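One-letter residues, chain by chain:
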Amino acid sequence: MKGEGTMAMDFEREKLAAARRSLDYVKDGMLVGLGTGSAAAHAVRLLAERVKDGLRIRCIPTSRRTAELARSLGIPMTSFDETARLDVTIDGTDEFDPDLDLVKGGGGALLHEKIVAAASDRLVIVCESKKRVPVLGTSGMPLPVEVVPFGWPVVAAALGRMEGQPALRLSAPEEPFQTDEGNYILDCRFPDLSDAAALAERLERMTGVVEHGLFLKLASVVIMGQGDGSALFTRS
């Protein structure tokens, strides 16, 4: 049986293989969204190598830490002040199901990630094999819900009445994690995400909720690492 360290190395290798294949979707002159998280970071580093070799792209990052990484590697930046659409975004995921619906937000950048995804002609997801699930919610990962700090216990109570089992995400003991927009995240464990569309609609109607981690009908392609190779899943 493999140890945890060996499995972690295997998953990193899968992320790298998926990220490498995702670059097939990036062409010269494109506007590119850069996701957040370890799988997306692999893609950013690989893109930087292409930029050094002459690839001409401009990018919009989904978080401050992705922006810092991209700038440190010499990737040209742009913003939504300069363009309203992106050709492609490469991002990771916490889960994906057979319909390519996603749960995202483990890295805390779900609001920016969803804005960038919605503005992209194509959303390419890269991940390791453990992120594939038959039904959303079955991997044990929570569903993040981003809320405004003011009155967050009121929103948490409402989520609790929906059996969401909300837990305030912390960055240190007794210190709430804050997103790039200064919001809080409630990590929820709903007993059933099989009707994700209905849950998404309920969450979107809740006062105080800024965004949720259900990314439905947004992904065009999922590239899942398998060993040293990868498998491609496309939306029908």
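For the structure itself, consult the block above.
In what follows, the accompanying structure is described. Nothing here was measured: the structure is a model prediction, and the numbers come from that model.

### Some remarks on the overall build of the chain
Point 1. On a plain count of helices and strands, the chain comes out with 6 helices and 15 strands.
Point 2. Overall, the chain is about 55 × 50 × 40 Å in size when its C-alpha atoms are taken along their principal axes.
Point 3. Among the 236 residues that make up the chain, the fraction classed as buried is 51%.
Point 4. About 11500 Å² of surface is accessible on the chain, with carbon and sulfur atoms providing 51% of the total.
Point 5. Both charge centroids of the chain, one from 28 positive and one from 34 negative side chains, sit 4 Å from each other.

### Section: the sheet that holds strand 1 (residues 31-34)
Point 1. Ordered in space as 2-1-3-6-14-15, the 6 strands form an open sheet in which the pairing is mixed. A single partner strand is all that each edge strand has here, and the edge strands are strand 2 (58-61) and strand 15 (229-234). Within this sheet the neighbouring strands show an average axis-to-axis angle of 20°, counted without direction.
Point 2. Looking at chain direction, strand 6 (residues 123-127) and strand 14 (residues 221-226) are connected through 4 bridges and run parallel.

### Description of the pairing of strand 3 (residues 88-91)
Point 1. Covered by surrounding structure in strand 3 are Val88 and Ile90 together with Thr89 and Asp91, the residues of both alternating faces.
Point 2. Pairing of strand 1 with strand 3 involves 3 bridges; the strand directions are parallel. Note on strand 3: the bridge partner recorded for glycine 33 is threonine 89.
Point 3. In terms of strand pairing, strand 3 meets strand 6 through 3 bridges, oriented parallel. Paired with isoleucine 90 across the bridge in strand 6 is valine 124.

### Considerations on the sheet that holds strand 11 (residues 184-188)
Strands belonging to one sheet form pairs held by backbone hydrogen bonds; the direction of such a pair is parallel or antiparallel.
Point 1. The 4 strands lie next to each other as 8-11-7-12, forming an open sheet whose pairing is antiparallel. If you trace the sheet from one side to the other, it starts and ends with strand 8 (167-168) and strand 12 (209-212), each paired once.
Point 2. Two elements, strand 8 and strand 11, share 2 bridges in a ladder whose sense is antiparallel. Bridging from a neighbouring strand, leucine 168 pairs with leucine 186 of strand 11.
Point 3. Packed on one face of the sheet, helix 5 (residues 152-161) meets strand 7 (143-147), strand 8, strand 11 and strand 12 and runs near 15° to strand 11.

### Quick word on the pattern of salt bridges
Point 1. Evaluated as defined, the whole model comprises 12 salt bridges.
Point 2. As a salt-bridge pair, lysine 15 and glutamate 12 come within 2.8 Å of each other at their nearest N and O atoms. Here lysine 15 pairs with glutamate 12, and both are found in helix 1 (residues 4-22), just 3 residues apart, close to one helical turn.
Point 3. Residue glutamate 12 is classed as partly exposed on the basis of its relative accessible area, which comes to 34%.
Point 4. It is possible to trace a salt-bridge network through shared partners that takes in Asp91, Lys104 and Glu113.

### Considerations on the environment of glycine 74
Point 1. By the element assignment, glycine 74 lies in the loop between helix 3 (64-72) and strand 3.
Point 2. Residue classification places glycine 74 among the partly exposed residues on the basis of a relative accessible area of 46%.
Point 3. Between the C-alpha atoms of glycine 74 and glutamate 49, which are 25 residues apart in sequence, the distance is 9.4 Å.

### With respect to the pairing of strand 11
Point 1. With 5 of 5 residues buried, strand 11 is to be regarded as a mostly interior element.
Point 2. Neither face of strand 11 is exposed, since Tyr184, Leu186 and Cys188 on one face and Ile185 and Asp187 on the opposite face are all buried.
Point 3. One ladder, built from 5 bridges, connects strand 7 with strand 11; its direction is antiparallel. Within strand 11, the residue paired with glutamate 146 across the bridge is isoleucine 185.

### Comments concerning the side chain of histidine 42
Point 1. Along the chain, histidine 42 falls in helix 2 (residues 38-52).
Point 2. If sequence neighbours within four positions are ignored, histidine 42 has contacts with Glu12, Lys15, Leu16 and Ala19.

Scoring rules and cut-offs
The residue numbering used here restarts from 1 in each chain and proceeds along that chain's sequence as written. In keeping with the predicted nature of the model, local features appear solely for residues at pLDDT of at least 70, side-chain atom pairs appear and are counted solely at 80 or more, and the whole-chain, interface and lining totals rest on all residues. Note that water and hydrogens are dropped before the side-chain values are worked out from all heavy atoms of the structure. Helical segments are the DSSP runs of H or I of at least four residues, strand segments are the runs of E of at least two, and each set is numbered from the N terminus. The classification of residues rests on relative accessible area computed with a 1.4 Å probe and restricted to protein chains. Under 20% of the type maximum is buried, over 50% is exposed, and intermediate values are partly exposed. Here the open area of atoms and residues is found with the Shrake-Rupley method and a 1.4 Å probe, where only the protein chains shown may cover a residue. His is not counted here, nor are the chain ends, while Lys and Arg score as positive and Asp and Glu score as negative. For the purpose of locating charges, the reference atoms are NZ of Lys, CZ of Arg, CG of Asp and CD of Glu. Two strands qualify as a pair provided DSSP detects at least 2 bridges between them. Angles run from 0 to 180 degrees between N-to-C directions of axes, and those axes are lines fitted to C-alpha atoms, restricted for helices to the stretch in contact. Any two residues having at least one pair of non-hydrogen atoms within 4.5 Å are treated as being in contact. A pairing counts as a salt bridge when a side-chain nitrogen of Lys or Arg comes within 4 Å of a carboxyl oxygen of Asp or Glu.

Geometric values such as these leave the question of function open.
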